[in-house]
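Each chain, written out:
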Amino acid sequence: MDVIFQTYEQLSLFFAGLIEEVTGLPDDKTLLQYDQMGKASANINTDVAYVNVVNEPDERTIFKNRTKEFDSETNTYTIYQQASRTLNLHVVFYGPNCMELCTTFSESLYHESIKLKLRQNYLSIVPDSTNGPIFMPENRNGQWFKRCDFNIRLYNTVITTETVSIFSGTNINLEFDL
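Quick notes on the rules
- Residues numbered from 1 in each chain as written.
- Predicted model: local features only at pLDDT ≥ 70, side-chain atom pairs only at ≥ 80, totals over all residues.
- Heavy atoms only, no water.
- Helix = DSSP H or I, 4+ residues; strand = E, 2+ residues; numbered from the N terminus.
- Buried < 20%, exposed > 50% of the residue type's maximum accessible area, 1.4 Å probe, protein only.
- Contact = heavy atoms within 4.5 Å.
- Axes fitted to C-alpha atoms, helices over the stretch in contact; angles between N-to-C directions.
- Parallel < 35°, antiparallel > 145°, perpendicular 65-115°, else oblique.

Visitor: I'd like a rundown of the environment of Gln 82, residues and numbers included.
Guide: With respect to the helices, strands and loops of the structure, Gln 82 is situated in strand β5 (residues 76-94). The class of Gln 82 is partly exposed, set by a relative accessible area of 36%. Each C-alpha atom, one on Gln 82 and one on Phe 135, is 38 Å from the other, the two residues being 53 residues apart in sequence. Beyond its immediate sequence surroundings of up to four residues, Gln 82 is in contact with Phe 63, Lys 64, Asn 65, Thr 157, Val 158 and Ile 159.

Quick look at the structure:
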């Protein structure tokens with residue numbers, strides 16, 4: 001069975017790369033939020049972004065589009081199933097330029113070149129689903145860190161295929177137990 005399915009980690013890494021490309025943040029300052037090994041806390045004067053992609057329950061996941069194709073050479077059907085899941089991209093920017101970086105990333109998502117990259121990764125923005133940039137300083141050990149949050153929902157296409165053989169014959173026997 002062939003599958004077009006991206007894991008949440010793959011999607012988080014894709015968006016981390018996109019943030020690096022759009023904002024100019026280096027890759028060691030664009031991090032996954034819940035990395036298994038954890039990350040050291042950023043310095044108050046260092047710009048950094050934390051990326052996380054999670055599933056958002058949505059009624060769209062129950063709808064499946066199915067088509068099938070017959071291959072006469074192999075006597076098989078290939079069944080294609082396509083569905084959409086809804087994802088939530090959450091990015092937290094810290095540092096002296098957090099608001100500018102967050103706004104730059106947020107606005108860039110609507111550029112045609114970025115929308116093309118999203119489509120190439122089976123992603124599309126859910127209309128009217130952006131939340132942010134939201135500036136919210138965070139108190140850490142008596143110091144106020146500059147922080148800006150950004151959330152957006154996206155549709156993500158999932159495609160699975162299955163190849164099944166046709167029946168080549170049957171053998172039906174009727175037995176009567178009298």
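Visitor: Mind laying out the side chain of Arg 140, listing which residues take part and the relevant values?
Guide: Within the fold, Arg 140 resides in strand β8 (residues 138-140). Not counting residues within four places of it along the chain, the set of residues in contact with Arg 140 comprises Ser 41, Ala 42, Tyr 94 and Phe 145.

Visitor: Talk me through the environment of Trp 144; I want residue IDs and the actual numbers.
Guide: You can see Trp 144 is positioned in strand β9 (residues 143-145). A residue is classified by how much of its surface remains accessible, and Trp 144, at 56% relative accessible area, is exposed. C-alpha of Trp 144 to C-alpha of Ile 44: the two residues are 100 residues apart in sequence and 8.3 Å apart in space. If we skip the residues at most four places from it in the chain, Trp 144 touches Ile 44, Pro 137, Glu 138 and Asn 139.

Visitor: Any details on the packing of helix α1 (residues 8-23) against helix α2 (residues 98-108)? Residues and values, ideally.
Guide: Packing of α1 against α2 brings their axes to within 10 Å, and their N-to-C directions diverge by 110 degrees. In terms of orientation, α1 and α2 fall into the roughly perpendicular class. Of α2, the residues touching α1 (which contributes Phe 15, Leu 18, Ile 19, Val 22 and Thr 23) are Leu 101, Thr 104, Phe 105 and Ser 108.

Just distances and angles here, no functional claims.
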